[in-house]
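Commentary on secondary and tertiary structure
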Amino acid sequence: MTDFPTGLLFDEAMAVTAEVAAAHRLEIEHPALSRCHGRVLAQDVVAPLSLPPFDNSAMDGFALRHADLSGEQTELRLVGEQFAGLALGLALGAGECARITTGAPLPAGADTVAIKENVRVDGDRVLVPQAKRGHHVRYAGEDVAAGETVLRAGQALTPARVSLAASLGLASLPVRRKPTVAVFTSGDELVEPGMPLRPGQIYDSNRELLMGLLRADGLEPTAWPRLPDDPRQVEIALRDAACAFDLVFTCGAVSAGEKDHIPAVLGQFGRIHFWKVKMRPGMPLLLASMDQARCLGLPGNPVSVLATYLSFGRALIDGLQGRVEPRPKLRARLVGGIEKSHPRREFVRARLRSDEDGVLWVDPNPATASHRLRAAADSDALMVVAEGEQRLQEGAVMEVWPYALG
């Protein structure tokens, strides 16, 4: 249990996590667009056509030739209509116009649209005010040119990006497979919510916390039975899960206590990439590989689970799927001052608020112990305090990770 790095700095451990994830990137699949939302694009997407694909009207009105306009108002002859849909092959000659609706293709010869509200119609006579050439016209290719790269490998597919793919006629996209995830909590002291408690027992809150975080990130985790404080049963359960899942998350039993059996099992039957990170909360974090799975052993205190999942859990999930687009992180000004008397990087539960001037402020919760789950429930972000002992004054600019990151 000594041939792997221990006590890494946060950034060192994050680099190892990225390296491990990149070495085990998940395979590419091509689901229908409706199943691509939230997925990670595996290959660049090149536009097979231009957007718009043809010159069209941006408004309901009348298509005309700008060269026919003279003075403040011009009388034109109405010769037809073109509604959005199949192009009818209309062509305009001198002094002619056509009724047109939003999105409809421009008739041949037309280069300008007069909006309906500004025009007077009397039978087939249309009085049109002066207008600029090209007014209310959407030109072919002004949004996307055919052959242009519009989406990049490693991007997360937001609804707008999936919609762009649909507008290009693409029925599916190449994405990385979503990892399958097994979730374990551990400890003989844990009891399922709803069951009676005996002296010395507590309810299992970590399972709901971790399962909820994973689901919020678009995954479909599987909750396994609680791991007891028995090394043989821990071995059987973890080895079984590692054969069937891409990721195995555990909560608790990763420190150096008498009943912390997970490091020994992963060290014997797998490979430990690092153990213990200089962060608070979450120091006993462990990353390992066993069989087909990457195993992330999270500490047992619930706030440690939150901090290590939002940092290393998400990094591992993103890396397996090849996501290169960074998760959004905010900058906010500190409410009040804080003093940090330890050298580790710290993640402080906090709430975000914006003042009337549009300045974003972060207000740290005074509860700092890693078992204080209510403080996490009362907060909506983690405030990052860099390594080293330091005293921060009110108004200091802090890095902030909202719980919900896109």
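Everything that follows concerns the structure shown earlier in this document.
Just so it is clear, the model here is predicted, and its values are computed rather than measured. Counting from 1, residues in each chain are numbered in the order their sequence is written. In keeping with the model being predicted, local features are shown solely for residues with a pLDDT of at least 70 and side-chain atom pairs are shown and tallied solely at 80 or more, while totals for entire chains, interfaces and linings include all residues. Side-chain metrics rest on all non-hydrogen atoms present in the structure, leaving aside hydrogens and water.

**Considering the sheet that holds strand β14 (residues 181-185)**
Counted only if it meets this: Only strands joined by at least two bridges in the DSSP assignment are considered to pair. The helix and strand labels rest on DSSP assignments: H or I over at least four residues marks a helix, E over at least two residues marks a strand, and numbering proceeds from the N terminus. Contacts are assigned to residue pairs that have any heavy atoms within 4.5 Å of one another. Angles run from 0 to 180 degrees between N-to-C directions of axes, and those axes are lines fitted to C-alpha atoms, restricted for helices to the stretch in contact.
Overall, mixed pairing links the seven strands, which are arranged β1-β19-β21-β22-β18-β14-β17 in an open sheet. For this open sheet the edge positions go to β1 (6-8) and β17 (222-223), each flanked by a neighbour on one side alone. In this sheet, strand β18 (residues 247-251) lies alongside β14 in parallel orientation, the contact comprising five bridges. The residue of β18 that forms the bridge with Val181 is Leu247. Against the sheet, helix α1 (residues 10-23) contacts β1, β19 (271-277), β21 (286-290) and β22 (293-298), and its axis sits at roughly 155° relative to β19.

**Brief notes about the packing of helix α3 (residues 206-216) against helix α6 (residues 302-320)**
Worth spelling out the cut-off: In this scheme, roughly parallel covers angles under 35 degrees and roughly antiparallel covers those over 145, while 65 to 115 is roughly perpendicular and the rest are oblique. Here is the rule for handedness: rotate from the far helix to the near one, and if that takes an anticlockwise turn smaller than a right angle the crossing is left-handed, while a clockwise turn gives right-handed.
Remark: α3 packs on α6, axes separated minimally by 11 Å, with the N-to-C direction vectors making an angle of 30°. Put simply, α3 runs roughly parallel to α6. Here α3 runs over α6; the crossing is right-handed. Packed against α3, whose contacting residues are Asn206, Leu209, Leu210, Leu213 and Leu214, the element α6 presents Pro302, Val305, Leu306, Tyr309, Leu310 and Ile317 at the interface.

**What to know about unusual backbone geometry**
Cis peptide bonds are those with omega within 30 degrees of zero, and the linkage from Leu51 to Pro52 qualifies with -10°. One can find Pro52 in the loop between β3 (45-46) and β4 (56-57). Across the junction of Arg280 and Pro281, the peptide omega takes the value -5°, indicating a cis bond. A positive phi angle, close to 65°, is found at Ala253, a residue other than glycine. Note that Ala253 resides in the loop between β18 and α5 (262-269).

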